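Each chain is listed here by its residues.
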Amino acid sequence: MDKIMDVGIIGGGPAGMNAALVLGRARKSVIVIDEGRPRNRVTKETHGFLTRDGVSPGEFRRVAREQIDAYPSVRFEEDTAVSVSGTDGDFLIATAQGTTYRCRKLLFAVGKRDLPLDIHGLDDVYGKSAFVCPYCDGWELRDQMLVLIAKGARAVHMAMMLSGWTDKYIICTDGPDDMTDEQREELKQHHIPLYDTRIQTIESSDGMVKRVLLEDGTQLSCAGIFFAPKLVAGSELPEAIGCKVTEAGSVVVDLFGKTNVPGIYSAGDAATEFNQAITAASMGSLAAVGINTELLTEAWNNTAS
Ligand SMILES: Cc1cc2nc3c(=O)[nH]c(=O)nc-3n(C[C@H](O)[C@H](O)[C@H](O)COP(=O)(O)OP(=O)(O)OC[C@H]3O[C@@H](n4cnc5c(N)ncnc54)[C@H](O)[C@@H]3O)c2cc1C
């Protein structure tokens, strides 16, 4: 077992890495444990992050690691945290490779995880021409013919959002639409076609969608797809150690990422439903400030004579 570190960070995406950067600069000893499966690994480019617009997720990680490596008190381990225990001031993180780390404070930056996509052919286009967030990928598909795959109130909300990028789209609910009459009427008033037949397959070539085929033989040609993903917490560990988690799988935190469990923080997608890399990085930065303030306050109070 290693010496006790100031902070243990589980997850090395934008949230965990920005926290590590701020804590490294604050001269804290930090261990970042990351298994390297960020949610956007399926995509070629990250958009909407000032100075990083259009870089690949791999390049983003490479530059981030290079910059953090300038701060020698931060250490990275490629491993999976499998359990956490202990209390504020002395937490234990056990990993899949059999290592145990001790830390005073803990930050969960574990992201969110997509449940398997249960539409035939969607895996082939996800991240290439099928996306989940118009802020991230709407610009590249502006004014194109799109298919929106979603149900119920979420479909109506996503339809309203997509209208900012194109006025040519169709909704496929892949089975019962789960909508009220008012919701169907709302879509009708906006002239948005609604198909509730099951999707047979998505046809594509090199990741670029060509058409969506429905089970009744209908063929819907399109240049791209937006769909409502099914997301769950990136890890069960926050809930296992007592952190409050919302129905959507987000850890409940304050502005500085503090959870209901003393000494434990969370940041990034793990703690919000607004999933953007820059938001995650910003939450990581705020959590680092919260953690550093707590550590400094404790040290200050302990050294007063
Ligand atoms: C297809 C797609 C495209 C996107 N495009 C954009 C875009 O263009 N612009 C944008 O701003 N955002 C985009 N996003 C969203 C963006 O990817 C996320 O908001 C961002 O990655 C969140 O960062 P994070 O650090 O919170 O989590 P993540 O980046 O998901 O990182 C979490 C890390 O924690 C690790 N982890 C989890 N559990 C453990 C464990 N027990 N032990 C060790 N490690 C663990 C994971 O393996 C992962 O490496 C996109 C998302 C998707 C799915």
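Our structure's up above, just so we're on the same page.
Just so it is clear, the model here is predicted, and its values are computed rather than measured. (Residues numbered from 1 in each chain as written. Predicted model: local features only at pLDDT ≥ 70, side-chain atom pairs only at ≥ 80, totals over all residues. Heavy atoms only, no water.)

### What about the pattern of salt bridges?
All told, the structure shown has 16 salt bridges when counted by the stated rule. Note that glutamate 66 and arginine 62 form a salt bridge whose closest N and O atoms lie 2.9 Å from each other. Here glutamate 66 pairs with arginine 62, and both are found in helix 2 (residues 57-68), just four residues apart, close to one helical turn. Among the residues examined, glutamate 66 registers a relative accessible area of 52% and is labelled exposed. Accessibility expressed as a relative area gives 43% for arginine 62, which makes it partly exposed. With its nearest N and O atoms 2.8 Å apart, the salt bridge here joins aspartate 90 to arginine 102. Taken together, the residues aspartate 90 in strand 5 (residues 90-95) and arginine 102 in strand 6 (residues 100-108) connect sequence positions twelve residues apart. Residue classification places aspartate 90 among the partly exposed residues on the basis of a relative accessible area of 31%. (Salt bridge = Lys/Arg side-chain N within 4 Å of Asp/Glu carboxyl O. Helix = DSSP H or I, 4+ residues; strand = E, 2+ residues; numbered from the N terminus. Buried < 20%, exposed > 50% of the residue type's maximum accessible area, 1.4 Å probe, protein only.)

### Re the sheet that holds strand 12 (residues 199-205)
If you walk across this open sheet you meet the three strands as 12-13-14, and the pairing is antiparallel. Strands with a single pairing partner mark the edges of an open sheet, and in this sheet they are strand 12 and strand 14 (219-221). The average undirected angle you get between the axes of adjacent strands in this sheet is 20°. As paired elements, strand 13 (residues 208-214) and strand 14 share three bridges and run antiparallel to each other. If you follow leucine 213 over to strand 14, its bridge partner there is glutamine 219. (Pairing = 2+ DSSP bridges. Axes fitted to C-alpha atoms, helices over the stretch in contact; angles between N-to-C directions.)

### Some points on unusual backbone geometry
With a phi close to 60°, aspartate 143 is a non-glycine residue in the positive phi region. The topology assignment puts aspartate 143 in the loop between helix 4 (134-137) and strand 9 (146-149). Under the relative-accessibility criterion, aspartate 143 is labelled exposed at 51%. Positioned with a positive phi, aspartate 174 is a non-glycine residue whose angle comes to about 50°. Mapped onto the elements, aspartate 174 comes out in the loop between strand 10 (169-172) and helix 6 (181-189).

### Brief notes about the site of the ligand
Looking at the ligand, there are 36 residues lining it, with Asp34, Arg37, His47, Asp269 and Ala277 nearest. Within the backbone of histidine 47, a nitrogen or oxygen atom sits 2.7 Å from an oxygen atom of the ligand. Interatomic distance of 2.8 Å between a backbone N/O atom of aspartate 269 and an oxygen atom of the ligand. Listed by contribution, the elements that provide at least two residues to the shell around the ligand are helix 1 (14-25), strand 2 (30-34), helix 4 and helix 8 (277-303). Both of domain 1 (5-114 + 230-303) and domain 2 (122-227) provide at least three residues apiece to the shell around the ligand. (Near = heavy atom within 4 Å. Polar contact = N/O pair within 3.5 Å; in protein donor to acceptor, adjacent residues only side chain to side chain. Domains from an automatic or database assignment.)

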